[in-house]
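The primary structure of each chain is shown beneath.
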Amino acid sequence: MGTPRPIHRYPSWVAESIHLEIPAKNHEGCRIFLNKYNPVLAQSSQSNHAGMFNLLPRDTVFFDLFDQLVDHGVSAALQLQSTARVFPKVEGHVQQIRDLEHAADALAHTALERLDRTFITPLDREDIHTLVGELDDIIDSIDFLAKRFTLYHFQSIEADFHKQTDVLVRAVSALKPAVHRLRTSRKLVDYAADLKTI
C-alpha cells in the first residue's frame, strides 16, 4: 500500500464542513493519524460518537426549507377547515390559502434552485426533489379545492366535508414532527402508528 495522502492537503472548507466519526475498533489508530496531519479533523472526530462514518454537511438550509413548507401545509389545512366552518363567508380564508400557496411555491423554488447549486447535500438529491414536490403538492391541492368555493358558488356543504377537513388537518400535522426529525435521523418508523390511525 502507498503512503496515505496527508489530510492537511484538503482545503480548509472541507475540514470545517464535515463530521468525521471513527469505528471504535480503529479509533485509536485513526486518532493518532489525524492528530499528526490535521488537528481540526482530529478534534471533530473526538467530539462525535464512535460507530459510524458521517460526511453530512452542517448546512441546515434544506431542513429549514422543509420545515417552512410543512408549516405552510398545516396552515393551509387549518384555513380550509375554517373555510368550511364559516361557509358561506369564505373569501378571506380562500385568499389566505392562495397567499400560502404562493409562499410555498417560492420556498419550493428556493429549495430546488439550491439543490442545483449544492455539491454535497444532506439527503439524496432525488429524495430532496421528491420531498419538496410532495410538500408543495399538499398546498397546491388545498388551494385547488379552495378556489372552487368562489368559482362554483356552492349553496351548502355536506357534513362529511367538515370531517374530511378534520382528517386533513390531522394528517398534515402528523407530517410536521416527522419532517423536522430528518435533521437528526432518517428513521421515521415511530410515526407510523399515528399515521395509520388517521
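So, how was this worked out
- Residues numbered from 1 in each chain as written.
- Predicted model: local features only at pLDDT ≥ 70, side-chain atom pairs only at ≥ 80, totals over all residues.
- Heavy atoms only, no water.
- Axes fitted to C-alpha atoms, helices over the stretch in contact; angles between N-to-C directions.
- Helix = DSSP H or I, 4+ residues; strand = E, 2+ residues; numbered from the N terminus.
- Parallel < 35°, antiparallel > 145°, perpendicular 65-115°, else oblique.
- Left-handed = near helix turned anticlockwise from the far one by under 90°.
- Contact = heavy atoms within 4.5 Å.
- Core = buried A, V, L, I, M, F, W, Y, C linked by side-chain atoms within 4.5 Å.
- Buried < 20%, exposed > 50% of the residue type's maximum accessible area, 1.4 Å probe, protein only.
- Patch = residues over 30% accessible without salt bridge, like charges linked within 9 Å, V, L, I, M, F, W, Y side chains within 5 Å.
- Areas by Shrake-Rupley, 256 points an atom, 1.4 Å probe, with all protein chains shown as cover.
- Salt bridge = Lys/Arg side-chain N within 4 Å of Asp/Glu carboxyl O.
- Phe/Tyr/Trp six-rings, centres within 6.5 Å; stacked < 30°, edge-to-face > 60°.

So, about the packing of helix α6 (residues 125-152) against helix α7 (residues 159-181). Orientation of α6 relative to α7, taken along the N-to-C sense of each, is 160°, at an axis distance of 12 Å. One way to sum up the angle between α6 and α7 is to call them roughly antiparallel. Crossing hand, α6 versus α7: left-handed. In this structure, α6 contributes Leu135, Ile138, Ile142, Leu145 and Phe149 to the contact, and α7 contributes Phe161, Leu168, Val172, Leu175 and Val179.

What follows deals with the nonpolar core. Judged by nonpolar contacts, the single largest core of 35 residues is most densely connected at Phe66, Ile128, Val132 and Phe149. Among the elements that line this core, the one with the most residues is helix α4 (residues 61-86), at 11 residues. If we ignore the near neighbours within four places in the chain, the residues touching Val132 are Phe66, Leu69, Ala108, Ala111 and Leu112.

Before going further, it helps to spend a moment on a nonpolar patch on the surface. There is a patch of nonpolar side chains on the surface, built from Leu151, Tyr152 and Phe154 and spanning about 330 Å² of accessible area. With respect to the element layout, Tyr152 can be found in helix α6. Tyr152 gets classed as exposed once you look at its relative accessible area, which sits at 51%.

A few words now on unusual backbone geometry. Here Phe87 and Pro88 are connected by a cis peptide whose omega angle stands at 15°. Looking at the secondary structure, you find Pro88 in the loop between α4 and α5 (91-117). The backbone of His153 sits at a positive phi, close to 50°, despite the residue not being glycine. Tracing the sequence through the fold places His153 in the loop between α6 and α7. For His153, a relative accessible area of 57% gives the class exposed.

Tallied over the entire structure, the rule returns 5 aromatic pairs. For the pair Phe63 and Phe66, a centre-to-centre distance of 6.0 Å together with 85° between the ring planes defines the contact as edge-to-face. Remark: Phe66 and Phe63 occur in helix α4; sequence separation between them is 3 residues, near one turn of the helix. For Phe63, a relative accessible area of 6% translates into the label buried. By relative accessible area, which is 0% here, Phe66 ends up buried. Considering the side-chain rings of Tyr152 and Phe154, the 6.2 Å spacing of their centres and the 45° angle between planes classify their relative orientation as tilted. Residue class for Phe154 comes out partly exposed when judged on its relative accessible area of 39%.

On to the environment of Leu107. Mapped onto the secondary structure, Leu107 falls in helix α5. Residue classification places Leu107 among the buried residues on the basis of a relative accessible area of 11%. Along the sequence, Leu107 and Phe66 sit 41 residues apart, while their C-alpha atoms lie 8.7 Å from each other.

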